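Results of the structural survey
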Amino acid sequence: EAGVAQSPRYKIIEKRQSVAFWCNPISGHATLYWYQQILGQGPKLLIQFQNNGVVDDSQLPKDRFSAERLKGVDSTLKIQPAKLEDSAVYLCASSFQGADTQYFGPGTRLTVL
Amino acid sequence: AQSVAQPEDQVNVAEGNPLTVKCTYSVSGNPYLFWYVQYPNRGLQFLLKYITGDNLVKGSYGFEAEFNKSQTSFHLKKPSALVSDSALYFCAVREGGNNRLAFGKGNQVVVIP
């Protein structure tokens, strides 16, 4: 079974530039999560989708971060404009609807200079 | 709010010795607890979870965890550590009704040959 796919794996940008990350969840997983993992910390949830609807975006900095999952399958997370403190690994995870266990992709490491 | 604490930054253990990674939790209601492992440049991999039932939970790669309600702990254990167990280990608790996970800061485990 294919796992959660993410691209790109690495990205380096200048502050104030924009960047987008892509995630394709495990087939059949209705729930998709985006996490931000800052170096030395545990992952923090940014946004959770159920199919193409947002379930929880309470910790998403909405002035600069946006995410969509238009067809209820793959998803895109965007940052515009980026700040230095956005340097982190962005992890995508998915699960079956209502299931406890989340499966994570390899992540995208973002460096903002 | 639900939370977990991982009091140690790094755990060093000799290969073949027992490995313990500590986690304590703070929740209102019944806890849903998880352990994940992260290898360098890879996403988080699910190890095991406690939802209800037997206090000793067995998981992947020979790991197990003991749920202790009186001590509010959920320590991860392995009877005999391998060099390949060297990785970052995260304890997490489900918070809210949407399966959002709150992670600890992580423990670096170093198994010395």
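Below or above, wherever it landed, is the structure these notes cover. Remember, predicted model here, so these are calculated numbers, not experimental data.

Quick notes on the side chain of Ser94 of chain A
Residue and element names in this part refer to chain A.
- Here Ser94 lies in strand β9 (residues 88-95).
- A distance of 2.7 Å separates a polar atom in the side chain of Ser94 from a polar atom in the side chain of His29.
- Apart from the residues lying within four places of it in its own chain, the contact partners of Ser94 are Val4, Pro25, Ile26, His29, Thr31, Leu32, Tyr33, Thr101, Gln102 and Tyr103.

Focus: the interface of chain B and chain A
- Taken residue by residue, the interface counts 20 residues in chain B and 25 residues in chain A.
- Taken together, both faces of the contact between chain B and chain A bury some 1700 Å²; the carbon and sulfur share is 46%.
- Here chain B is connected to chain A by two salt bridges.
- Residue Asp56 of chain A is joined to Arg100 of chain B by a salt bridge in which the shortest nitrogen-to-oxygen separation is 3.0 Å.
- Counting the contacts that link chain B with chain A gives six residue pairs in polar contact (both at pLDDT 80 or more).
- Of all the elements in the fold, those that place two or more residues in the side of chain B that touches chain A are β5 (33-38), β6 (44-50), β10 (87-95) and β11 (100-103) of chain B.
- The residue inventory of the side of chain B that touches chain A, partitioned by class, reads nine nonpolar, six polar and five charged.

Digging into the nonpolar core
- In this structure, Leu19, Trp35, Leu47, Leu48, Phe74, Leu76 and Tyr89 of chain B are the most contacted members of the largest nonpolar core, which totals 28 residues.
- At the level of elements, β2 (10-14), β3 (19-21), β5, β6, β8 (64-68), β9 (73-78), β10 and β12 (107-112) of chain B are the ones that each hand at least two residues to this core.
- The element that contributes the greatest number of residues to this core is β10 of chain B, accounting for four residues.
- Leaving out residues up to four positions away in the same chain, Leu19 of chain B has contacts with Val11, Val13, Phe63, Leu76, Lys77, Lys78, Ala81 and Val109 of chain B.
- Grouped together as the second largest cluster of nonpolar side chains are 21 residues, Ile13, Val19, Trp34 and Ile79 of chain A included.

Thoughts on the pairing of strand β3 (residues 19-24) of chain A
Residues and elements named next belong to chain A.
- Of the two faces of β3, only one is covered, namely that formed by Val19, Phe21 and Cys23; the face formed by Ala20, Trp22 and Asn24 stays uncovered.
- The pairing of strand β1 (residues 5-7) with β3 spans three bridges and is antiparallel. Its bridge partner lying in β3, Ser7 is registered against Trp22.
- The pairing of β3 with strand β8 (residues 75-79) spans five bridges and is antiparallel. Bridge pairing in β8 links Trp22 to Thr76.

Examining the side chain of Ser75 of chain A
Residue and element names in this part refer to chain A.
- Within the secondary structure layout, Ser75 lies in strand β8.
- Here Ser75 falls in the buried class, since its relative accessible area comes to 1%.
- A polar contact is formed between the side chain of Ser75 and the side chain of Trp34, at a distance of 2.9 Å.
- Contact partners of Ser75, with chain neighbours within four places excluded, come to Phe21, Trp22, Cys23, Leu32, Trp34, Phe49, Glu68 and Arg69.

So, the sheet that holds β8 of chain A
Residues and elements named next belong to chain A.
- Reading across the sheet, the four strands line up as β1-β3-β8-β7 and stay open at both edges, with antiparallel pairing between neighbours. Each edge of the open sheet carries a strand with a single partner, namely β1 and β7 (65-68). Between one strand and the next, the sheet's axes are offset by a mean angle of 15°, whatever the strand orientation.
- The pairing of β7 with β8 spans four bridges and is classified as antiparallel. Each residue of the ladder has a partner; that of Glu68, found in β8, is Thr76.

Basis of the calculations
Residues numbered from 1 in each chain as written. Chains lettered and ligands numbered in written order. Predicted model: local features only at pLDDT ≥ 70, side-chain atom pairs only at ≥ 80, totals over all residues. Heavy atoms only, no water. Helix = DSSP H or I, 4+ residues; strand = E, 2+ residues; numbered from the N terminus. Polar contact = N/O pair within 3.5 Å; in protein donor to acceptor, adjacent residues only side chain to side chain. Contact = heavy atoms within 4.5 Å. Buried area = accessible area lost by both parts, 1.4 Å probe. Salt bridge = Lys/Arg side-chain N within 4 Å of Asp/Glu carboxyl O. Nonpolar A, V, L, I, M, F, W, Y, C, P; charged D, E, K, R; others polar. Core = buried A, V, L, I, M, F, W, Y, C linked by side-chain atoms within 4.5 Å. Buried < 20%, exposed > 50% of the residue type's maximum accessible area, 1.4 Å probe, protein only. Pairing = 2+ DSSP bridges. Axes fitted to C-alpha atoms, helices over the stretch in contact; angles between N-to-C directions.

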